[in-house]
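Descriptive structure summary
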Amino acid sequence: MDDPYQNNVYQQGTEGVGDNTYTHYGEGGGGQDGYGYQTDYPPQEEDAASDATEGHDEDDQMYEGEYQGIPHPDEIKAARRAARLAAREKAKAAAEGVREDEELADQYEGIMEDCGHGRFQWTLFAVIGLALMADGVECYVVSFALPSAEKDMCLSNANKGMLGLIVYVGMMVGAFIWGGLADKIGRRQCLITALSIHCTFAFLSSFAQGYGFFIFFRLCSGIGIGGSVPIVYTYFAEFLTMDKRGEHLSWLCMFWMMGGLYASFTAWGIIPHYGWGFSMGSEIQFHSWRVFVLVCALPAIGSLVGMMFMPESPRFLLENAKHDEAWMILKRVHDTNWRAKGEPERVFTVSQIKTPKQDDEFIEIQSSTGTAFQRWMVRTTTLIKQVMMNVMSLASADLRLTSLFMAIIWFTMAFSYYGLSVWFPDMIKYLQYEEYESKVKIFHREKVEHFHFNFSLENQIHREGEYIHDKFTNIEIKSVKFEDSLFEDCYFEDIKSTQTFFENCTIKNTVFYNTDLWEEKFIDCKLENSTFLHSKKGCHLNFQEENDILIYLVSFLGSLAVLPGNIISALFMDKIGRIHMIGGSMLISAGCTFFLFLSFSQAAIIAWQCLFCGASVAAWNGIEVITVELYPASKRATAFGVLNGLCKLAAILSSSIFAAFVGITKVIPILMSFSALMCGGLLALKLPETREKLLL
């Protein structure tokens, strides 16, 4: 007798075609929410009654929990029975499961060889390359905008540090989330959603006036773009043949370098031009750095538009038993490439493709008993459980050692690279600051009466001075400190200041009109009969930093130095192998860090930064290629997402640690970088070589 409750289980059915087995999920029609679940089988006439219901009134059999959307206990039992049956079938086929996976991998490789490498892959290369470029840009946006944003939003040192790290926090969360979802709901769909989130919140962040909104929008923007790296490499690799995979994935890495070049160039071209913005009173400011934030979203927008015309990965569709959809996409790839090569007469001859048996099951509430929200909750909960199970499977017996080695290599490489990426520009700024401080002018016990200060003051210290009946109007005051001084019957008007403080001063009968001098700038001062009129709220851009262009140039040269390493790794990735590329690059980079002990000038630091970036990029390329090749299709994006999330965690830790030692000592950052690179490089030599390995 048929189980009357079997319609609550997402059914599996097999259909023999030749020697191949296809698994179909709900292809006979779906429920109103898109989840196909079958009706009673075999189908019955509308007026007919089954043996189970004959002689009973339907009203008497009504389950009262149905009104509340609660599954019937028998429905749950039926679902559990089906799960146990699936588990037994899986255990029975465990021995031949590996062989089936290899059979599909071999067949898929042959199909991709028939499709050729041509226009389709190059178009996809450009589209998803922009997404990778957007990830590279995101790593620079805040650091370039921060010198201006901190004045625009009155950021404290603690807030500046948090803003610098929040992007990596978002990218870490995004990598984990989107990597896991890409293995369950599709590479293309996840990438489109992630890019949409990034573009939306990047746009909103450029208009956010307050620190709280700005940091929240940048966090959400980072969560969106965090999915680009794990999805892009997984997605593109599944359209490449074995002999093209290493080279073309390495070429794809160049887009990350282009992101750094794009951010550096646009920052240099936009941010110093403070007149490129507008303001509405003192409350709403839209300065040039906000224009820069908007422009940085353009690569992601371009990729998002292009992805609308790209298909889903056929390998993902085959893993999910969507044979017909995968076949149509493979035919499209085949026809696009051969038509572009002038051979339109070539026919796609593949008719059957092996599809693995599915293990996942969805438990669905009947549409007649559950609300739309309850059905959505069931599907969401099931999806989350499946993603978490996929993550946990990375620690299974056959993947445990590989995952451990890869986690250590990703972490050590990221710890050193991102830590030094922060340390280099911070050291240059510190050297600039020391040079600036050495030129400070000190005025001691000066007495100025009835004088009109109509010129800017910069890099000065005034101690025990007296200023009687003086005027300070329409000037800029930068890095000026007044200590133990007296201001009597003075007048301040239209003052813009930065790093300016009054300490232990006495201020009598003085008027401050339309200035940005507020209480925080008067430290232990005595104010007597002084008036503040029309004070400017918030902070305001005051000076075009003379050293900004050098900082942009440093980042630009560091990104450009990656180009030779990218070219070399792309040309030799398949010749010398992944593990030798990773190990050799990390060990050479470790050697480069020791020469940082000899860096005593800005020019020397810039030179060693370029050398380090050029040497380390080959390791990055090799790590990303081998990560794609070591994991099966059902876990590939998940593994990449977890490892990339770990990479961003290393970036957060190293950025904080290395920045703390700037101006104190350079021994600890250099030794930490050297140790991390040596450890990761030696361990990389223990990984299996994958250049002749099929994508499982």
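Residues numbered from 1 in each chain as written. Predicted model: local features only at pLDDT ≥ 70, side-chain atom pairs only at ≥ 80, totals over all residues. Heavy atoms only, no water.

**Points about a negative patch on the surface**
A cluster of acidic residues, D106, E113, D114 and D243, forms a negative patch on the protein surface. With three residues, the top contributor of residues to the negative patch is helix 2 (residues 94-115). Structurally, D114 is set in helix 2. (Patch = residues over 30% accessible without salt bridge, like charges linked within 9 Å, V, L, I, M, F, W, Y side chains within 5 Å. Areas by Shrake-Rupley, 256 points an atom, 1.4 Å probe, with all protein chains shown as cover. Salt bridge = Lys/Arg side-chain N within 4 Å of Asp/Glu carboxyl O. Lys, Arg positive; Asp, Glu negative; His and termini not counted. Charge placed at Lys NZ, Arg CZ, Asp CG, Glu CD. Helix = DSSP H or I, 4+ residues; strand = E, 2+ residues; numbered from the N terminus.)

**A short note on unusual backbone geometry**
Notably, N459 is not glycine yet its phi reads approximately 55°, a positive angle. Classification of N459 by relative accessible area gives buried; the value is 7%. A positive phi is found at N504, a non-glycine position, where the angle reads about 55°. By secondary structure assignment, the location of N504 is in the loop between strand 13 (501-503) and strand 14 (506-508). A relative accessible area of 37% means that N504 is categorised as partly exposed. (Buried < 20%, exposed > 50% of the residue type's maximum accessible area, 1.4 Å probe, protein only.)

**Examining the environment of L587**
Relative to the helices and strands, L587 resides in helix 17 (residues 578-594). Taking the C-alpha atoms as reference, L587 lies 9.3 Å from A615; in sequence the two are 28 residues apart. Look past the residues within four positions of L587 in its chain and what remains in contact with it is M678, G681 and L682. (Contact = heavy atoms within 4.5 Å.)

**Looking at the sheet that holds strand 17 (residues 526-528)**
Spatially, the five strands line up as an open sheet ordered 6-9-11-14-17, and their pairing is parallel. If you trace the sheet from one side to the other, it starts and ends with strand 6 (447-449) and strand 17, each paired once. Taking the axes of each pair of neighbouring strands and ignoring which way they run, one obtains an average angle of 5° across the sheet. Where strand 14 and strand 17 come together, three bridges link them in parallel fashion. When the bridges of strand 17 are listed, T506 appears paired with K526. (Pairing = 2+ DSSP bridges. Axes fitted to C-alpha atoms, helices over the stretch in contact; angles between N-to-C directions.)

**A short note on the packing of aromatic side chains**
To describe a pair of aromatic rings, you give the distance between the ring centres and the angle between the ring planes. Under the defined criterion, the tally for this structure stands at 48 aromatic pairs. Here the aromatic rings of Y417 and Y418 are separated by 5.5 Å at their centres, their planes lie at 90°, and the arrangement is edge-to-face. Residue class for Y417 comes out buried when judged on its relative accessible area of 8%. The exposure class assigned to Y418 is buried, which follows from its relative accessible area of 7%. Measuring from centroid to centroid gives 4.5 Å for F472 and F492, while their planes differ by 0°, and the two rings are stacked. Residue F472 is found in strand 10 (residues 471-483), and its partner F492 is found in strand 12 (residues 491-498); the two are separated by 20 residues along the sequence. As far as burial versus exposure is concerned, F472 and F492 are alike and both buried. Site record: aromatic cluster; members linked through ring pairs are F451, F453, F455, Y467, F472, F482, F487, F492, F502, F512, F522 and F532. (Phe/Tyr/Trp six-rings, centres within 6.5 Å; stacked < 30°, edge-to-face > 60°.)

**As for the pairing of strand 10**
Regular strands place their side chains on alternate faces of the sheet. As defined by bridge partners, strand 7 (residues 452-453) adjoins strand 10 across two bridges and the pair is classed as parallel. From the neighbouring strand, F453 faces strand 10, where its bridge partner is F472. Strand direction decides the pairing type here: strand 8 (residues 457-463) and strand 10, joined by six bridges, are parallel. Bridge pairing in strand 10 places Q460 opposite V480. Bridging between strand 10 and strand 12 involves seven bridges; their strand directions are parallel. Paired with T473 across the strands is E493, a residue of strand 12.

**Examining the packing of helix 17 against helix 20 (residues 667-684)**
Packing of helix 17 against helix 20 leaves a shortest axis separation of 8 Å and a crossing angle of 160°. Comparing the axis directions of helix 17 and helix 20 gives the class roughly antiparallel. Crossing hand, helix 17 versus helix 20: left-handed. Of the residues in helix 20, those touching helix 17 at I579, I582, G583, M586, L587, S589, A590, T593 and F594 are I670, S673, F674, L677, M678, G680, G681, L682 and A684. Partitioning the contact of helix 17 with helix 20 into residue classes produces twelve nonpolar, six polar and no charged. (Parallel < 35°, antiparallel > 145°, perpendicular 65-115°, else oblique. Left-handed = near helix turned anticlockwise from the far one by under 90°. Nonpolar A, V, L, I, M, F, W, Y, C, P; charged D, E, K, R; others polar.)

**Considering the pattern of salt bridges**
The full count for this structure, using the stated rule, is 19 salt bridges. Close ionic contact of E483 with K481 constitutes a salt bridge, the shortest N to O distance being 3.9 Å. Several salt bridges converge on common partners, so that one network encompasses D183, R187, E238 and R636.

**Focus: helix 13 (residues 372-392)**
Because an α-helix packs 3.6 residues into every turn, residues spaced three or four apart end up facing the same way. Taking 1.5 Å of rise per residue, 21 residues should cover 30 Å, and helix 13 covers 30 Å from first to last C-alpha, within 8% of that figure. Within helix 13, the full set of buried residues consists of R375, R379, T382, Q386, V387, N390 and V391. (Expected span 1.5 Å × (residues − 1).)

**Quick word on the pairing of strand 12**
The pairing of strand 12 with strand 15 (residues 511-515) spans four bridges and is parallel. Along strand 15, the bridge assignment pairs E493 with Y513.

**Digging into the nonpolar core**
Judged by nonpolar contacts, the single largest core of 150 residues is most densely connected at I128, L163, Y233, L252, F292, M406 and Y418. No other element matches helix 3 (residues 119-152), which puts 18 residues into this core. Beyond its immediate stretch of four places on either side in the chain, Y233 contacts L132, L249, L252, C253, E624, V628 and F640. Residues V448, F453, I477 and I495 belong to the second largest nonpolar core, which totals 19 residues. (Core = buried A, V, L, I, M, F, W, Y, C linked by side-chain atoms within 4.5 Å.)

**A look at the environment of M328**
Counting through the fold element by element, M328 comes out in helix 12 (residues 323-340). Given a relative accessible area of 52%, M328 falls into the exposed group. For the pair M328 and P311, spaced 17 residues apart in the sequence, the C-alpha separation amounts to 9.9 Å.

**Brief notes about the environment of R339**
Assignment of secondary structure puts R339 in helix 12. A relative accessible area of 55% means that R339 is categorised as exposed. In the structure, R339 is positioned 220 residues away from R119 in sequence and 9.0 Å away in space, judged by C-alpha atoms.

**Section: the state of the cysteines**
Cysteine pairs can be covalently joined through their sulfur atoms, and such a bond is termed a disulfide. Under the criterion given, the structure shown has zero disulfides. C525 provides the cysteine sulfur closest to C505, a residue in no disulfide bond, and the two sulfurs are 4.7 Å apart. The class for C505 is buried, based on a relative accessible area of 1%. Classification of C525 by relative accessible area gives partly exposed; the value is 21%. (Disulfide = S-S within 2.5 Å.)

**Examining helix 8 (residues 242-270)**
End to end, helix 8 covers 43 Å across 29 residues, agreeing with the expected 42 Å (1.5 Å per residue, within 8%). Counting buried positions along helix 8 yields 21 of 29 residues, so the element is predominantly enclosed.

All we've got here are geometric facts, nothing functional implied.
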